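Summary of the model geometry
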Amino acid sequence: GGAASGSQVGISVPAVPGWDGRTISTLPMSVEIIVKSGWNGVDSSMDLVNSTIHAQNTAGAGYRLAAVFLPLDNHNKKRRGKPVDYKAVGFGTISTRVMCIFQADRQGAGQTLETMFLQAPMTVRQSATWSLEDMKVEGCEQLYGQLGQAGSTGFQLSCVVDEPNNRCSGFFSTQTSVHLVCQKPLGTQSPVSAYTVVNIPIVIDQGWSGTTASMPHLENGLTAFTNKGYKVASVYNPPSVTLKGFLSTETQCHIIMMNTPVNYYFAICDVPFFVQSGWRGSTVDHIQYLSIISAYAAQGWELGGLIDLPDVELDGFTSIKSTIKLIFQAPANEGGVGGNLI
């Protein structure tokens, strides 16, 4: 498709073929949660995030949770997997910022949404070689089994939320919690949702000046499903790591596809973000990727998924540059074939 200028200056957005002119209202909300470290691991509470999801101005006004951005440290081995958008508030305690991105539900058009929260434990097992480069994750089958149950009652998956906690559950293993946020318009009989989970690995290469990350099979993987009546429901990047070579590793990234009556177009956009270190914590600049999400939404593109790539590039003494991969999608009306538009 041809390019149409977005609502923000300098952002070129591809035109959706046969677009009906309806824009998608976007509502980003920053939520602070407390994360405590102790002898038995790291504890956090998602209560504030959950109450934000079904508040009067979000689910109450027809806004579903499209994505959650909780950037984690991939640079410092001592802090690996811990939030980078945070401030210290006490001994072993930090307040971390979680960016919840809501979008107006296409189906409901302002109608109040019902929300179902499901939770499943994930066990992360580290290899006995003491290597941080070889970790396996168990529990995905239980997680996606719950998704099937929710789909049979008409609830659709809005987002997978990975809680920033881990508790020791053995000498070489920890347990963490993953939440499924499922939603549907209040009081309606929604069709049964069927899901397929596609693992598209993230390839990570260590270099002298930083770490690069890529997803070489993402475009082909999405094309195979969006051409056959599927859309992206959400993305889950489990904390698995597999050693692939001397300076190369791979981590899983699960793209959860939902069956729909029409094909879907998609567009992938890589956006840099910066982490600025300070005395009592560090901050993330959210402006650039949020402005791109708004520009695409103004041209009829919904946010299908957000992937925090584990890449790192030093940007001066106190700043680190990393990348968010955004997946946008729009229905291919009038029998369109769907597929990639960038």
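Residues numbered from 1 in each chain as written. Predicted model: local features only at pLDDT ≥ 70, side-chain atom pairs only at ≥ 80, totals over all residues. Heavy atoms only, no water.

1. Here we look at the overall build of the chain
Basically, it comes down to this: A run of H or I in DSSP becomes a helix once it reaches four residues, and a run of E becomes a strand once it reaches two; helices and strands are each numbered from the N terminus. Here's how the labels work: a residue is buried when its accessible area is under 20% of the maximum for its type, exposed when over 50%, partly exposed in between, all with a 1.4 Å probe on protein chains only. We call two residues in contact when some of their heavy atoms are within 4.5 Å. In short, Shrake-Rupley with a 1.4 Å probe defines the accessible areas, and a residue's cover is counted only from the protein chains shown.
Within the chain one finds four helices and 25 strands. By residue count, 52% of the 342 residues in the chain fall in the buried class. Considering only contacts in the chain between residues 6 or more positions apart, those separated by 24 or more positions represent 75%. Per element, the accessible surface of the chain, about 15700 Å² overall, is 55% carbon and sulfur.

2. Quick look at helix α4 (residues 287-297)
Among the eleven residues of α4, eight are classified as buried, and the element is accordingly described as predominantly covered. Of the positions making up α4, those classed as buried are Tyr 289, Leu 290, Ser 291, Ile 292, Ile 293, Ala 295, Tyr 296 and Ala 297.

3. Looking at the sheet that holds strand β13 (residues 195-199)
As a reminder of what qualifies: We treat two strands as partners when DSSP finds at least two bridges between them. Lines fitted to C-alpha atoms define the axes, with helix axes restricted to the stretch in contact, and inter-axis angles between N-to-C directions lie between 0 and 180 degrees.
On the basis of which strands lie adjacent, the open sheet formed by three strands has the order β13-β19-β16 and antiparallel pairing. Two strands lie at the open edges of the sheet, namely β13 and β16 (230-236), each paired on one side alone. Averaged over all pairs of adjacent strands, the angle between strand axes in this sheet comes to 30 degrees, irrespective of strand direction. Examined bridge by bridge, β13 and strand β19 (residues 254-259) share five bridges and lie antiparallel to one another. Bridge assignment links Thr 196 to a residue of β19, and that residue is Met 257.

4. Details of the confidence of the model for the chain
Note the threshold: As a per-residue measure, pLDDT tells how confident the predictor is, with possible values from 0 to 100.
On average, residues of the chain score 85 in pLDDT, and 88% of them are at 70 or above. Confidence drops under a pLDDT of 50 for residues 1-9, and excluding neighbours within four residues, the segment shows 26 contacts in the predicted structure.

5. Comments concerning the pairing of strand β18 (residues 248-251)
One ladder, built from four bridges, connects strand β14 (residues 202-206) with β18; its direction is antiparallel. Residue pairing for β18: Val 203 is matched across the bridge by Glu 250. Across three bridges, strand β17 (residues 242-245) lies against β18 in antiparallel orientation. The partner of Gly 245 across the bridge, within β18, is Ser 248. Here β17 folds back onto β18 in antiparallel fashion, the turn holding two residues.

6. A short note on the packing of aromatic side chains
Counted only if it meets this: Two rings from Phe, Tyr or Trp (for Trp, the six-membered ring) form a pair when their centres sit within 6.5 Å of each other. Planes less than 30 degrees apart are called stacked, planes more than 60 degrees apart edge-to-face, and all others tilted. The criterion is that NZ of a Lys, or CZ of an Arg, lies within 6 Å of the ring centre and within 35 degrees of the ring normal, and then a charge sits over that ring.
Scanning all chains against the criterion turns up five aromatic pairs. Ring plane angle 65 degrees and centroid distance 6.2 Å describe the contact between Tyr 296 and Trp 301, whose orientation is recorded as edge-to-face. Accessibility expressed as a relative area gives 0% for Trp 301, which makes it buried. Site record: aromatic cluster; members linked through ring pairs are Phe 69, Phe 273 and Tyr 289. It is Arg 280 that lies over the ring of Trp 279; its NZ or CZ is 5.6 Å from the centre.

7. Quick notes on the environment of Gln 206
The following threshold applies: Here a polar contact is taken to be a pair of N or O atoms separated by no more than 3.5 Å, where protein atoms must pair a possible hydrogen donor with a possible acceptor and residues adjacent in sequence count only if both atoms sit in side chains.
Here Gln 206 is to be found in strand β14. Look at Gln 206 and you get partly exposed, because its relative accessible area is 36%. The spatial distance from the C-alpha of Gln 206 to the C-alpha of Phe 246 is 9.1 Å, given a sequence separation of 40 residues. The residues touching Gln 206, leaving out its near neighbours within four places in the chain, are Thr 211 and Leu 247. At 3.1 Å, the side chain of Gln 206 forms a polar contact with the side chain of Thr 211.

8. Focus on helix α2 (residues 140-152)
Basically, it comes down to this: The span you would expect from a helix comes to 1.5 Å times its residue count less one.
The first and last C-alpha atoms of α2 sit 19 Å apart over 13 residues, in line with the 18 Å expected at 1.5 Å per residue. With its phi angle positive at about 95 degrees, Gly 154 sits one or two positions after the end of α2.

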